[in-house]
Amino acid sequence: EEEDIRIGIIGGGIGGTSTAYYLKSLFGDGCHIDLFESERVGGRLANINIDGYDYEAGGSIIHPKNKYMVEFAEKFGFKQSASLDGKMALYGPSGIILETSSWNFVTMAKFFWRYGMDIWNIGSFLKENFLDKFGKIYDIQEEGLAFTTVEDLLKSMDESLVNYTKISIQDLMIEKGFSERFINELVMGALRTNYGQTTNVHAFVGAVSLAGVEKGLWSVKGGNYQIPERLLKKSGANLIKAKVTHVILQKESESVSYEVQYQNAEDGKSNSREYDIVIVATPLKELEDHIKFEDFPNPIPSSYTDFHRTIALFVQGTPNYTAYGFENAENFPQSILTTDENIFWNSYGQHTPVSQKKHLNKNSDKDGDQEDNTVSKIFLNKVPTEDQVHYLFKSRKDLRLVNWLAYPEYAPKMDLPPFVLYDQLYYVNAIESAASAMEMSVIGGRNVANLAYNHWNNILDKVDEFSIKKDSKSDKSEL
Ligand SMILES: CC(C)=CCC/C(C)=C/CC/C(C)=C/CSC[C@H](N)C(=O)O
């Protein structure tokens, strides 16, 4: 009888759990998967509880055309909670640049007055140059094709998308005829909110960031973390609550396997297991302090790119409206995007609990102040000082900081890490160098699952090939 293929996955986020899910659908019952996660599964997508209500802690949102996330939500019976299409304002060094109105035609007129035809052209620019090309990845992955590098994965969608990683979004948009004002204000505002960075990022992530301010964005009602939880369950993988400390290469003549040593999260005891395939599904940067790759002929880099630190500051209390360019609560918008690097906060958002559609508090007192129960989320690049918090909020009942190395520091021509670190050792988070978003993690996860399956079964005409060959053997089974 054939023995099960043993697979170890390091990381229980959306990347790791979706890899487990796709591996199970490819290998079927012939594989045993262990998934190592010392914290909660879907950790980065976890909620934060303030005053008895859960709020989304990260900035993760889903685009209506993100096929995988939409399908998962449908399959698992989750409802979508639409992001509030409330009022939005742009804030620059001299104060408010523009505010939207509750009348759509007034908003459009204001945008048109300030940005001219750019405001119409941005939709078709995104669709024709990016989204339509990007959408090809879904058929490619369905056919079982897989790529060893991020460059080739992007090239499979369209050659131009590889070039987008080599030019800044600013330069690409100037080339396409957009005005500096539009780029410096709207494109910059979106980037500071979504990635805490500027229009000097490469154009691929710049385009994803623009898609991240389109209409119709949503998140999972009750919290996005539920998707990784369900993916893990559906995959049948065994969850090991532990921190991996060593991945040791064991090479015997032609065959490769790995010893994974780990420390249990609960009792601190050390243990080890053997695997045929190991998949790293956490940024290497995050593992660098506690994981060692041993006995490899060449060292495995501790990271390929620098990571950007983002701070989400949650405050339950009354915003200091004047700090954001408003006199009082009246007309105060639900979201404010900033357009300048010298502004110490990146964006402001008024938040609703993950299970509720409406704002908890829209009541104003006699001075026009909103009640203290309002929960606001401010994104910053640095932990704010007490003075800065006082400047942003008149009063507060609660304050929380979520501080994490959120995504790579993006730049044109940055290193794009490989999906293959060594034989049978894969790296899902390589995809983040193109862009970090939940849908991107699933694409990275499915690529690595296809890659591991094709390598294991010697289906090499489905690796780094750009066209689909009809007679390739494939024996996938849907979960
Ligand atoms: C619409 C298609 C087929 C592809 C677009 C590419 C893509 C991955 C869009 C996602 C847009 C989005 C929701 C971006 C959010 S920005 C990242 C955010 N900070 C996060 O962590 O999710």
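Residues numbered from 1 in each chain as written. Predicted model: local features only at pLDDT ≥ 70, side-chain atom pairs only at ≥ 80, totals over all residues.

- Looking at an unreviewed UniProt entry, one finds the chain named Prenylcysteine lyase domain-containing protein, with Lottia gigantea as its source organism.
- What UniProt records for the chain under Sequence similarities (unreviewed entry) is the sentence "Belongs to the prenylcysteine oxidase family."
- What UniProt records for the chain under Cofactor (unreviewed entry) is the sentence "FAD". (UniProt positions renumbered as here; feature names shortened; annotations may be inferred.)

**Points about the overall build of the chain**
So, step 1. Broken down by element type, the chain carries 14 helices and 21 strands.
So, step 2. Computed over the C-alpha atoms, the radius of gyration of the chain is 23 Å, within 12% of the 23 Å expected from 2.2 N^0.38 for a compact globule of 479 residues.
So, step 3. C-alpha atoms of the chain, sized along the principal axes, occupy 75 × 55 × 40 Å.
So, step 4. Within the chain, the proportion of its 479 residues that are buried is 45%.
So, step 5. Put simply, of all contacts in the chain between residues at least 6 apart along the chain, 73% involve residues at least 24 apart. (Helix = DSSP H or I, 4+ residues; strand = E, 2+ residues; numbered from the N terminus. Rg over C-alpha atoms; globule rule 2.2 N^0.38 Å. Buried ≥ 20, exposed ≤ 12 C-beta atoms within 10 Å, placed from the backbone. Contact = placed C-beta atoms within 7 Å.)

**A short note on the sheet that holds strand β10 (residues 242–252)**
So, step 1. Spatial ordering of the open sheet is given by β12-β11-β10-β14, a layout of four strands whose pairing is mixed. Each edge of the open sheet is held by one strand with a lone partner, namely β12 (270–275) and β14 (292–294). Adjacent strand axes in the sheet meet at a mean angle of 20° when their direction is disregarded.
So, step 2. As paired elements, strand β11 (residues 255–264) and β12 share six bridges and run antiparallel to each other. Within the sheet, the bridge partner assigned to Tyr258 lies in β12 and is Tyr275. (Pairing = 2+ DSSP bridges. Axes fitted to C-alpha atoms, helices over the stretch in contact; angles between N-to-C directions.)

**A word on helix α14 (residues 438–456)**
So, step 1. For α14, spanning 19 residues, the distance from its first C-alpha to its last is 27 Å, which sits close to the expected 27 Å at 1.5 Å a residue.
So, step 2. The buried fraction of α14 is high, at 17 of 19 residues. (Expected span 1.5 Å × (residues − 1).)

**Structural notes on the environment of Ser209**
So, step 1. Within the secondary structure, Ser209 is located in helix α10 (residues 203–211).
So, step 2. Residue classification places Ser209 among the buried positions, given that 25 C-beta atoms sit within 10 Å.
So, step 3. With 258 residues separating them in the primary sequence, Ser209 and Ser467 have C-alpha atoms 29 Å apart.
So, step 4. For Ser209, the contacting residues outside a window of four places in its chain are Ala190, Leu191, Asn194 and Tyr195.

**Some words on the sheet that holds strand β17 (residues 345–351)**
So, step 1. Ordered by their spatial adjacency, seven strands build an open sheet running β7-β6-β16-β17-β18-β15-β19, and the pairing between neighbours is mixed. On the outer flanks of this sheet lie β7 (95–99) and β19 (393–408), each paired with one strand and no other. Here the average twist between neighbouring strands, direction ignored, is 20°.
So, step 2. Sheet topology places β17 next to strand β18 (residues 375–380); six bridges connect them, and they run antiparallel. Along β18, the bridge assignment pairs Gly349 with Lys377.

**Comments concerning the nonpolar core**
So, step 1. Counting residues in hydrophobic clusters, the biggest one holds 122 residues, and the most contacted among them are Leu23, Val187, Ile279 and Tyr426.
So, step 2. If one sorts the elements of this core by residue count, α14 sits on top with nine residues.
So, step 3. Beyond its immediate sequence surroundings of up to four residues, Ile279 is in contact with Ile7, Ile9, Ile10, Thr19, Tyr426, Val428 and Val448. (Core = buried A, V, L, I, M, F, W, Y, C linked by C-beta atoms within 7 Å.)

**Quick notes on the environment of Ala435**
So, step 1. Structurally, the position occupied by Ala435 is in the loop between β21 (425–427) and α14.
So, step 2. Residue Ala435 is classed as buried on the basis of its C-beta count, with 27 C-beta atoms lying within 10 Å.
So, step 3. When the C-alpha positions of Ala435 and Lys127 are compared, they lie 17 Å apart, and in sequence the two are 308 residues distant.
So, step 4. Not counting chain neighbours up to four residues away, the residues in contact with Ala435 comprise Phe204, Val205, Val208 and Met440.

**Re unusual backbone geometry**
So, step 1. Phi is positive for Asn331, close to 70°, though the residue is something other than glycine.
So, step 2. In this structure, Asn331 sits in the loop between β15 (307–319) and β16 (335–338).
So, step 3. A residue is classified by how many C-beta atoms lie within 10 Å of it, and Asn331, with 14 of them, is partly exposed.
So, step 4. Its identity as a non-glycine residue notwithstanding, Gln424 has a phi of 60°, on the positive side.
So, step 5. Positionally, Gln424 belongs in the loop between β20 (420–422) and β21.

**Observations concerning helix α1 (residues 14–27)**
Note that an α-helix has 3.6 residues per turn; residues three or four places apart therefore point the same way.
So, step 1. Compared with the 20 Å implied by 1.5 Å per residue over 14 residues, the 20 Å span of α1 between its first and last C-alpha is a close match.
So, step 2. For α1, a buried count of 13 out of 14 residues is recorded, marking the element as mostly surrounded by other parts of the structure.
So, step 3. Taken from the residues just after α1, Gly28 is the one with a positive phi, measuring 65°.

**What about the packing of helix α9 (residues 180–195) against α10?**
So, step 1. In the contact formed by α9 and α10, the axes pass within 9 Å of each other and the chain directions differ by 90°. Between α9 and α10, the angle falls in the class roughly perpendicular. Touching Val187, Ala190, Leu191, Asn194 and Tyr195 of α9 are Val205, Gly206, Ser209 and Leu210, all from α10.
So, step 2. Its residues assigned to classes, the contact of α9 with α10 comprises six nonpolar, three polar and no charged. (Parallel < 35°, antiparallel > 145°, perpendicular 65-115°, else oblique. Nonpolar A, V, L, I, M, F, W, Y, C, P; charged D, E, K, R; others polar.)

**Focus: the pairing of β15**
So, step 1. Examined bridge by bridge, β15 and β19 share 13 bridges and lie antiparallel to one another. From the neighbouring strand, Gly317 faces β19, where its bridge partner is Arg396.
So, step 2. One ladder, built from six bridges, connects β15 with β18; its direction is antiparallel. Along β18, the bridge assignment pairs Ala312 with Phe379.

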